[in-house]
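Coordinate analysis (summary)
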Amino acid sequence: MAADTFQRVVLVHYHEIGLKGHNRGRFEQKLVDNIKALTCDFPVSACHRISGRIVVFLKEGTTHDEQVRAQEFIATIPGIQRVSAGFKCLAEYDTMKELAVEALADAGEFQTFKVQARRNHTNFEPDSMVLNREIGEVLCNAFPEKKVKMKEPDVTVNVEVIENQCFVCARSIAGVGGLPVGTSGKVICLLSSGIDSPVAAWKIAKRGATCIGVHFSGRPQTGDESEYLVDDIARVLAKRGCMHQYFVCPIGDYQRKIALSCTPKLRVVLYRRLMFKVANALAEQCGAKAIVTGESLGQVASQTIENMIATSDASEKMVLRPLIGFDKLEIIDEAIRLGTFEISSQDASDCCTLFMPKMPETHAHLDEVKKEEEFFDPSWIDEIVASAELHRV
Ligand code: ATP
Ligand code: MG
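Cut-offs used in this document
Residues numbered from 1 in each chain as written. Chains lettered and ligands numbered in written order. Predicted model: local features only at pLDDT ≥ 70, side-chain atom pairs only at ≥ 80, totals over all residues. Heavy atoms only, no water. Helix = DSSP H or I, 4+ residues; strand = E, 2+ residues; numbered from the N terminus. Buried < 20%, exposed > 50% of the residue type's maximum accessible area, 1.4 Å probe, protein only. Contact = heavy atoms within 4.5 Å. Areas by Shrake-Rupley, 256 points an atom, 1.4 Å probe, with all protein chains shown as cover. Lys, Arg positive; Asp, Glu negative; His and termini not counted. Charge placed at Lys NZ, Arg CZ, Asp CG, Glu CD. Phe/Tyr/Trp six-rings, centres within 6.5 Å; stacked < 30°, edge-to-face > 60°. Pairing = 2+ DSSP bridges. Right-handed = clockwise from strand over helix to strand, strands pointing away. Expected span 1.5 Å × (residues − 1). Polar contact = N/O pair within 3.5 Å; in protein donor to acceptor, adjacent residues only side chain to side chain. Near = heavy atom within 4 Å. Nonpolar A, V, L, I, M, F, W, Y, C, P; charged D, E, K, R; others polar. Axes fitted to C-alpha atoms, helices over the stretch in contact; angles between N-to-C directions.

1. Observations regarding the overall build of the protein chain
Summing up its helical and strand segments, the protein chain has 13 helices and 14 strands in all. Within the protein chain, the fraction of its 393 residues that count as buried is 53%. Long-range contacts, defined as pairs at least 24 residues apart, comprise 81% of the intrachain contacts of the protein chain with a sequence gap of at least 6. Put simply, the protein chain shows about 18,100 Å² of open surface, and 51% of that area lies on carbon and sulfur atoms. Counting 46 positive and 53 negative side-chain charges, the protein chain places the averaged centre of each group 4 Å from the other.

2. Examining the packing of aromatic side chains
Using the criterion set out here, one finds 8 aromatic pairs in the structure. Here the aromatic rings of Phe42 and Phe73 are separated by 5.0 Å at their centres, their planes lie at 20°, and the arrangement is stacked. Residue Phe42 is found in the loop between helix 1 (24–38) and strand 2 (44–50), and its partner Phe73 is found in helix 2 (residues 64–74); the two are separated by 31 residues along the sequence. Residue class for Phe42 comes out partly exposed when judged on its relative accessible area of 22%. Ring centres 4.9 Å apart and planes at 35° place the aromatic pair Phe376 and Trp380 in the tilted group. The pair Phe376 / Trp380 is uniform in exposure class, with both members buried.

3. Some points on the pairing of strand 11 (residues 243–250)
Counting buried residues along strand 11, 7 of its 8 residues qualify, which places the element largely inside the surrounding structure. Sheet analysis places strand 10 (residues 210–217) next to strand 11, joined by 7 bridges and oriented parallel. By the bridge assignment for strand 11, Ile212 is matched with Gln245. Viewed along the sheet, the connection from strand 10 through helix 6 (residues 225–239) into strand 11 turns out right-handed. As defined by bridge partners, strand 11 adjoins strand 14 (residues 389–392) across 4 bridges and the pair is classed as antiparallel. Bridging from a neighbouring strand, Val248 pairs with Glu389 of strand 14.

4. Section: helix 4 (residues 128–142)
The end-to-end C-alpha distance of helix 4, which contains 15 residues, comes to 21 Å, matching closely the 21 Å that a straight helix rising 1.5 Å per residue would cover. Packing partners of the buried residues in helix 4 comprise helix 3 (93–105), strand 5 (112–119) and strand 7 (155–162). Measuring from the side-chain oxygen of the N-cap residue of helix 4 to the backbone nitrogen of Met129 gives 3.1 Å; that N-cap residue is Asp127.

5. Topic: the site of ligand 1
Among the 22 residues in the neighbourhood of ligand 1, the closest are listed as Leu190, Ser192, Asp196, Ser197 and Gln299. In this structure, a nitrogen atom belonging to ligand 1 sits 3.4 Å away from a main-chain N or O atom of Leu191. Here ligand 1 loses 91% of its free accessible area of 570 Å² to cover by the protein chains. Those elements giving two or more residues to the shell around ligand 1 turn out to be helix 5 (196–205), strand 10 and helix 8 (267–286). Sorting elements by how many residues they give to the shell around ligand 1 places strand 10 first, with 3 residues. Its residues assigned to classes, the shell around ligand 1 comprises 9 nonpolar, 9 polar and 4 charged.

6. As for the sheet that holds strand 9 (residues 186–190)
The strand order across the open sheet built from 6 strands is 13-12-9-10-11-14, with neighbouring strands paired in mixed fashion. Looking along the sheet, the strands with just one partner apiece sit at the ends: strand 13 (318–320) and strand 14. Strand-to-strand twist across the sheet, computed as the mean angle between neighbouring axes with direction ignored, equals 25°. The pairing of strand 9 with strand 12 (residues 290–292) spans 3 bridges and is parallel. Note that in strand 12 the partner of Cys189 across the bridge is Val292. Seen against the sheet, helix 8 touches strand 9, strand 10, strand 11, strand 12 and strand 13 and runs at an angle of roughly 155° to strand 9.

Right, here's the structure in full:
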């Protein structure tokens with residue numbers, strides 16, 4: 001078939017339920033913008049909405065392998081339910097049949113298949129029943145060892161006639177779901193270099209929030225190893241459009257002051273409150289509406305309900321803890337899928353390992369904590385915010 005009679009495409013399906021109502025247009029436009037911005041390293045020639053889907057057109061000469069890579073990448077972008085790969089051609093019956101064979105050949109391993117044809121107007125003859133039957137026949141002849149199965153086949157060959165164009169797709173994979181990043185406002189994500197906080201950022205980004213990271217480093221009392229890990233983590237999140245910038249705040253000297261003056265067992269809660277106060281000031285600067293952490297109930301001593309009450313109290317902005325009900329193994333699974341697990345598994349000294357008490361308080365009382373905090377100099381927050389280093393990814 002002449003190369004100019006068809007074009008490779010990736011068809012993006014999004015979740016109807018999440019995109020209902022008067023916000024729909026805005027959500028769809030955001031998703032189109034996100035896909036365009038994130039696929040600049042792929043051979044994409046155009047990307048726009050057609051009849052309730054987003055079609056990503058690939059450049060002429062794009063190979064099947066390149067198409068699969070683009071499809072698999074697009075499936076990782078928040079807001080996408082399913083991604084199909086196939087072809088666009090003019091609505092000419094013979095071309096459609098040939099491309100149906102090609103699309104099924106590209107679909108990978110399968111035993112059973114069916115054809116699902118649709119047309120969005122009646123000008124195109126034949127109708128969808130006939131299309132199903134006749135394209136099905138062509139496929140049965142081309143793949144004699146495969147079987148037609150109407151209920152839950154391995155592969156569905158979708159043939160969709162829209163005006164004078166036709167889309168023929170077979171290889172279909174699940175997307176990560178959620179909402180397009182940028183449709184739920186901004187949040188500040190407390191990013192340690194550990195396993196949990198990148199997953200928390202991912203969870204909240206998948207609900208449409210744009211994440212701005214903040215990492216508290218133990219510098220100058222520790223080295224800057226954790227900062228390199230956080231940079232790698234931010235890049236993984238950036239690849240999916242979840243994070244474009246993060247701050248690094250060196251707080252080692254302030255931790256030292258706290259360690260020298262406060263009851264040892266309350267140090268962790270006090271460090272956390274300091275982080276929340278700085279995060280609030282940065283949120284105010286950036287127009288972020290909430291603070292996100294990777295805490296999970298009872299996971300470690302500092303994550304009891306009492307301790308979370310004592311730390312949340314330091315935050316005027318709402319604190320979101322998307323992992324609160326997750327256990328560690330579930331979080332690790334998510335981190336592996338996200339691609340941050342290996343980075344987070346590397347050892348790095350950061351502020352969390354600095355001046356840690358032997359026996360941290362597990363049930364902190366807010367009034368005791370506040371009493372200890374009386375010696376904090378309020379100018380610390382301004383100093384730390386002023387020294388925050390902004391990194392763009
Ligand atoms: P993580 O794996 O995310 O480090 P964790 O199980 O080690 O979590 P903690 O060390 O108690 O738990 O941290 C709880 C949360 O506080 C983290 O998920 C993160 O959101 C925030 N946090 C902890 N340390 C830092 C840090 N150095 N910089 C920024 N945020 C931090
Ligand atoms: Mg940690």
